[in-house]
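Okay, here's what each chain looks like letter by letter:
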Amino acid sequence: MSIITFLLNQTVVTERTLESTPLLDILRGSQHLTGCKEGCREGDCGACLVLLGTRESGKLVYRPATACLVPLGALAGWHVVTIEGLSGTKPNPIQQALVEQGGIQCGFCSPGIVVALTAFFLNSPTSEVDAALEAVAGNLCRCTGYAGIKRAIQQLCEQFDLARSQPAKRLDDCLQWRLLPAYFADIEAQLASLPAPTPAVSQTKETGILVAGGTDLMVHQAKTANAANLQFLPRIADQDCIRLDGERCRIAAGTTIEQLRTSPVLQELLPSIAEDLQLLCSAPIRQHATLGGNLANASPIADLAVFFLALDAELILEKRGSRRRLPLREFFLAYKQTALQSGERIAEIAVNVVASFSFEKVCKRMHLDIASVNSALSIGLANGVIDHVHLAAGGVAPLPLYLATVCDYLRGKAINAKTVLAAAAIAQTEIAPIGDLRGSIEYKRLLFRQLFFAHFLKLFPELIRWEDLHALG
């Protein structure tokens with residue numbers, strides 16, 4: 001048991017409970033705040049969405065989070081905002097727009113949608129409708145058909161021009177627009193009065209579950225989270241996540257997917273990264289899921305593992321202040337098994353600048369879903385032949401797979417249809433998919449083949465045509 005103190009809406013709350021207890025259970029149980037709905041309990045539906053606020057780089061920052069995946073132990077000293085904390089005696093402009101445009105029917109999903117849109121207006125640089133729709137992409141509704149929700153979003157984006165609201169003054173503007181209730185003006189002082197959280201991670205303790213985002217751990221927490229053995233990692237500020245070091249880009253393991261996606265440094269190196277990582281999960285999950293967690297989890301279909309394998313990433317592993325380096329391709333040993341030693345953790349990930357890069361993913365839903373098969377390729381040419389190449393895939397082996405044999409074959413070859421077809425045939429000897437609910441063995445083999453073709457069709461349209469692949473294959 002632990003004692004955790006945080007600010008819940010306008011009230012300081014102290015809970016004595018297991019650190020692994022989901023925030024959702026506290027809100028609906030001991031705090032009786034039932035506007036936060038229990039839906040999937042896997043972060044997929046958005047019904048339990050809340051805002052989590054804390055001071056970062058001198059200002060108060062709020063991000064959306066699914067309460068079912070937030071362990072209470074991570075919230076000491078934070079501000080938790082539920083739909084009750086956003087509501088007053090009259091509907092605020094977001095609630096009113098949803099009512100006026102027919103965006104509310106049974107109401108089960110409505111609290112989460114209001115919270116998601118509040119987060120959008122607190123954080124978005126502009127009032128673009130597409131960006132607002134992306135903000136609610138993780139909120140499922142079974143009643144409305146979404147048309148009324150989209151009309152409400154259109155109305156709100158026309159009503160509030162975020163381009164005229166400076167980030168430093170955004171919270172004040174949202175107060176003026178009545179998107180936030182008046183008590184938010186005093187939150188910083190209330191947070192400052194809370195007891196300081198205990199240190200997040202012991203540098204000497206070699207056992208325990210390190211928790212950053214916890215977005216996968218908490219799905220299975222009833223089975224795996226040892227409440228007496230959790231060590232919560234602090235959030236890394238945006239300016240400390242990613243930096244260039246000569247020819248290498250160094251990324252802190254605690255960098256979130258959203259920080260990766262929006263990093264100016266990575267967008268310069270990988271122009272498609274904002275679009276690529278938008279395929280991974282919903283906006284609230286991207287705000288909390290981390291690169292290090294995705295790698296350490298070692299899922300055979302881990303999107304970031306495949307992404308960074310194709311970048312030939314190197315891990316910097318840390319234990320008791322000492323560090324060692326390990327190529328990411330040597331990190332995954334077997335199903336859910338890695339080369340991490342006892343007491344060791346991922347500290348950083350380093351990648352080289354790449355020439356051309358492609359990421360492809362196919363899943364049951366177009367967005368926000370677990371991959372059936374995913375694949376990534378980085379490749380560079382010199383004097384008309386392939387100088388360096390790295391290919392990876394997920395969903396085709398018991399671990400995220402680096403296809404070394406295919407890469408060895410491709411180096412020194414010219415890019416043409418015959419080369420690509422021969423490499424695709426070699427790839428079929430390296431992969432070993434299993435049939436499951438995301439597809440049969442035959443389907444996954446065919447799917448990877450098509451994704452492999454897609455890399456070359458996207459990166460080298462002047463050299464590869466689908467017609468040539470079809471004719472020769």
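Residues numbered from 1 in each chain as written. Predicted model: local features only at pLDDT ≥ 70, side-chain atom pairs only at ≥ 80, totals over all residues. Heavy atoms only, no water.

Going by an unreviewed UniProt entry, the chain carries the name FAD binding domain-containing protein and comes from Methylomonas rapida.

> Go over helix α6 (residues 147-159), please, and point to the residues and values.
Owing to its 3.6 residues per turn, the α-helix aligns residues three or four sequence positions apart on the same side. For α6, built from 13 residues, the straight-helix expectation of 18 Å at 1.5 Å per residue is met to within 8% by its first-to-last C-alpha distance of 18 Å. Buried within α6 we find Gly148, Ile149, Ala152, Ile153, Leu156 and Cys157. The secondary structure elements touched by the buried residues of α6 are α3 (93-100), α4 (110-123) and α5 (129-135). (Helix = DSSP H or I, 4+ residues; strand = E, 2+ residues; numbered from the N terminus. Expected span 1.5 Å × (residues − 1). Buried < 20%, exposed > 50% of the residue type's maximum accessible area, 1.4 Å probe, protein only. Contact = heavy atoms within 4.5 Å.)

> Can you explain the sheet that holds strand β11 (residues 322-327)? Please cite residues and give values.
Strand order in the open sheet formed by 5 strands is β8-β9-β14-β10-β11, with antiparallel pairing between adjacent strands. The open sheet is flanked by β8 (242-245) and β11, the only strands paired with a single partner. Strand-to-strand, the axes of this sheet are offset by a mean angle of 25°, without reference to chain direction. As paired strands, strand β9 (residues 248-252) and strand β14 (residues 345-352) are joined by 5 bridges and run antiparallel to one another. Within the sheet, the bridge partner assigned to Cys249 lies in β14 and is Val351. (Pairing = 2+ DSSP bridges. Axes fitted to C-alpha atoms, helices over the stretch in contact; angles between N-to-C directions.)

> For the sheet that holds strand β15 (residues 356-363), give the residues involved together with the corresponding values.
Within a beta sheet, neighbouring strands are joined by backbone hydrogen bonds and run either parallel or antiparallel to one another. An order of β15-β16-β17-β18 is seen for the 4 strands of this open sheet, with the pairing classed as antiparallel. At either margin of the open sheet sits one strand with a lone partner, and together these are β15 and β18 (401-402). Sheet analysis places strand β16 (residues 371-382) next to strand β17 (residues 385-394), joined by 9 bridges and oriented antiparallel. Directly across from Ile379, in β17, lies its bridge partner Val389. Contacts between helix α19 (residues 441-459) and the sheet are confined to β15, β16 and β17, with β16 contributing the most and set at about 35° to the helix.

> Residues and numbers for the packing of α4 against α6, please.
The interhelical angle for the contact between α4 and α6, taken along N-to-C directions, is 25°, at an axis separation of 12 Å. With respect to each other, α4 and α6 are oriented roughly parallel. Crossing hand, α4 versus α6: right-handed. Residue-level inspection shows Ile113, Leu117, Phe120 and Phe121 of α4 in contact with α6, the latter providing Ile149, Ile153, Leu156 and Cys157. Among the residues making up the contact of α4 with α6, the classes are represented as 8 nonpolar, no polar and no charged. (Parallel < 35°, antiparallel > 145°, perpendicular 65-115°, else oblique. Left-handed = near helix turned anticlockwise from the far one by under 90°. Nonpolar A, V, L, I, M, F, W, Y, C, P; charged D, E, K, R; others polar.)

> Which residues make up the side chain of Glu56, and what values do they have?
Note that Glu56 resides in strand β3 (residues 49-56). Only 2.7 Å separates the side chain of Glu56 from the side chain of Arg63, close enough to count as a polar contact. In this view, Glu56 contacts Val61, Arg63 and Arg235; residues no more than four positions away in its chain are not counted. (Polar contact = N/O pair within 3.5 Å; in protein donor to acceptor, adjacent residues only side chain to side chain.)

> Please provide a residue-by-residue account of the nonpolar core, values included.
Grouped together as the largest cluster of nonpolar side chains are 102 residues, with contacts concentrated most on Leu23, Phe308, Ile349, Phe448, Phe452 and Phe456. It is α19 that provides the largest number of residues to this core, a total of 7 residues. Ignoring anything within four residues of it in the chain, the contact list for Phe448 reads Val373, Ser375, Leu391, Ala393, Val396, Leu403, Ala427, Gln428 and Ile431. Counting residues in hydrophobic clusters, the runner-up holds 42 residues, among them Tyr62, Val114, Leu162 and Leu171. (Core = buried A, V, L, I, M, F, W, Y, C linked by side-chain atoms within 4.5 Å.)

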